[in-house]
Amino acid sequence: MIVERAEEVLEAHKLCDHCLGRLFSQLGKGTNEERGKAIRFVLNMERSSKGLPPLHEPEECELCGNIFNKIPNIVERMLEASEGVEFETFLVGSRFPKEVRERERAIWTQFGIDTAEPINREFNRELGKAFGRKTGKETSRSPDVVFIVEPYSDKIELQINPLYVYGRYRKLVRGIPQTPLPGFKESVASIICGPFSRAFGGKCVFKGAGREDVDVRMLGNGRPFIVELKGPRRRKVDLEEVVREVNAGGKVEIFGLRFVSPKEAEEVLTGNHRKEYLVLVFVDEGVTPEEAEEVAKKLTGMEIHQRTPWRVRKVRSDKVRVRKVYRAEARWIDEKHFELRLLTEGGLYIKELVSGDRGRTKPSVSELLGKRAWCERLDVLNVLSD
């Protein structure tokens, strides 16, 4: 059946062994070229026994134009396109002209063939094998780089897949935003991303798991963050060298760096976290040690109903969020000050928890005291996974 069908095709179309074998790719084992050679060999033996002329492989295939013969040259072009780029794994894709794909489908339809493989699939596989043999690199479904080849125009597009690095940071000084803001010369993101960009030779995108205000320090176990490195030309980087360069500035410290997958990066940024804070509360009317202790006692275990704070209403959707205070401890400082150490659910605005924010946060420290209170100083001590 295969030989008879192949004879019908070859009497009507001049096909190379690749394109012949690809018509029957789902049958038997081996490459399409090997399959095509075997089919042609058996077919010509039968034709010889009948006194018919052989159907040799043509000088030029009418379907592919002998594109598979160009693979060695294309491999060299791929090497040129990837010069100076570090990678261990790769994937090959291709863009074949519409007319080639239409000619192929027309043959399938003309002869009722349902065992064929598209030309681009075979080409990608054979080119990938050739490039792997030449370089010692391996193909992967999650590759470092992707080559998009236009076989007939010699155009090669190199896509360098991003890298993701997880870490934690401490912000040791006040007056630095997490991300760039007008009026500020630097940010946590710029301090961290500079060394990353230089080390990897790519664009650095910083993403924090939550954020702290400009005037708030981030201490303790640090805030989780992800650095996405787009188009990195280097992938074998000593992360400890990056740590040393960032930390040398004395304003931001990073630690615990490790490479992660895109899925892990997303989980870090979308996961729930508990936050531990140290708040210096100012009470103009005065506060006693007993009042401070009573506030902490009442806050412990309390659910806070917090409408989007007035100060961020233009950049946050206006809604009421319910967040919990898991633990509160008070330490009296003087007649107008006491400290609150809080462990809360993520997403609770601490400054507004103290002031009440014109009644938008209930209950608040001000409400519980029966006196107006403000957050005079705030530090994030720890960010903990739920």
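In this text the structure is predicted, and so the values were computed from the model without any measurement. (Residues numbered from 1 in each chain as written. Predicted model: local features only at pLDDT ≥ 70, side-chain atom pairs only at ≥ 80, totals over all residues. Heavy atoms only, no water.)

Trainee: Explain the packing of aromatic side chains residue by residue, including any values.
Mentor: The geometry of an aromatic ring pair comes down to the distance between the two centres and the angle between the two planes. Counting across every chain of the model gives 14 aromatic pairs. Between F87 and F131 the ring centres are 6.4 Å apart and the planes differ by 10°, which places this aromatic pair in the stacked class. With F87 in the loop between α4 (71–81) and β1 (89–94) and F131 in helix α6 (residues 119–135), this pair connects stretches of sequence that are 44 residues apart. Considered together, F87 and F131 belong to a single accessibility category, that of buried residues. (Phe/Tyr/Trp six-rings, centres within 6.5 Å; stacked < 30°, edge-to-face > 60°. Helix = DSSP H or I, 4+ residues; strand = E, 2+ residues; numbered from the N terminus. Buried < 20%, exposed > 50% of the residue type's maximum accessible area, 1.4 Å probe, protein only.)

Trainee: Please set out the state of the cysteines residue by residue, giving values where relevant.
Mentor: Scanning the model with the defined rule gives 1 disulfide in all. With no disulfide partner, C16 has as its closest neighbouring cysteine sulfur the one in C19, 3.7 Å distant. (Disulfide = S-S within 2.5 Å.)

Trainee: Outline helix α3 (residues 32–49), supporting the account with residue identities and numerical values.
Mentor: The end-to-end C-alpha separation of α3 is 26 Å, in line with the 26 Å expected for 18 residues at 1.5 Å each. On its buried face, α3 sits against α1 (2–12), α2 (17–22) and α6. The first or second residue beyond α3 is G51, which carries a positive phi of 80°. (Expected span 1.5 Å × (residues − 1). Contact = heavy atoms within 4.5 Å.)

Trainee: So what's going on with the pattern of salt bridges? Residues and values would help.
Mentor: Counted according to the given criterion, the structure contains 40 salt bridges. In this structure, the salt-bridge partner of R311 is D213, at a minimum N-O distance of 3.0 Å. Here R311, found in the loop between β10 (303–307) and β11 (320–334), pairs with D213, found in the loop between β6 (203–208) and β7 (217–230); they are 98 residues apart in sequence, far enough to count as distant. A relative accessible area of 26% places D213 in the partly exposed class. K371 is the salt-bridge partner of E291, the closest N and O atoms lying 3.1 Å from each other. (Salt bridge = Lys/Arg side-chain N within 4 Å of Asp/Glu carboxyl O.)

Trainee: Could you give an account of the pairing of strand β3 (residues 145–150), naming the residues involved and the relevant values?
Mentor: Across the 6 residues that make up β3, a large majority, 5, are buried. Pairing analysis gives 5 bridges linking β1 to β3, with the strands arranged parallel. Bridging from a neighbouring strand, F90 pairs with V145 of β3. For β3 and strand β4 (residues 155–160), the ladder comprises 6 bridges, and the chain directions are antiparallel. Opposite V149, over in β4, you have I156 as the bridge partner. (Pairing = 2+ DSSP bridges.)

Trainee: I'd like to hear about the nonpolar core, residue by residue, with values.
Mentor: I192, F196, I254, L299, F338, L340 and V365 are the most contacted members of the largest nonpolar core, which has 52 residues in total. Tallying contributions element by element places helix α7 (residues 188–200) first for this core, with 7 residues. The next biggest cluster of nonpolar side chains, apart from the first, holds 43 residues, and it includes V85, F87, F96 and F131. (Core = buried A, V, L, I, M, F, W, Y, C linked by side-chain atoms within 4.5 Å.)

Trainee: Could you give an account of the layout of surface pockets, with specific residues and numbers?
Mentor: Here the idea is plain: a probe the size of a water molecule rolls over the atoms and shows the empty space left. Each pocket or cavity is described by its volume, and for the largest pocket that value is around 1,100 Å³. The wall of the largest pocket is formed by 37 residues, among which G210, R211, R316, G347 and Y349 lie closest to the centre. Mapped onto the lining of the largest pocket, the elements with two or more residues apiece are α9 (262–270), β9 (273–283), β11, α11 (350–355) and β14 (373–385). Of the residues assigned to the lining of the largest pocket, the class counts are 15 nonpolar, 10 polar and 12 charged. (1 Å grid on protein atoms, 1.4 Å probe; cavity = no way out; pocket = protein on both sides within 12 Å on 5 of 7 lines; lining within 4 Å. Points joined across faces, edges and corners; volume = space filled by probe spheres on them. Nonpolar A, V, L, I, M, F, W, Y, C, P; charged D, E, K, R; others polar.)

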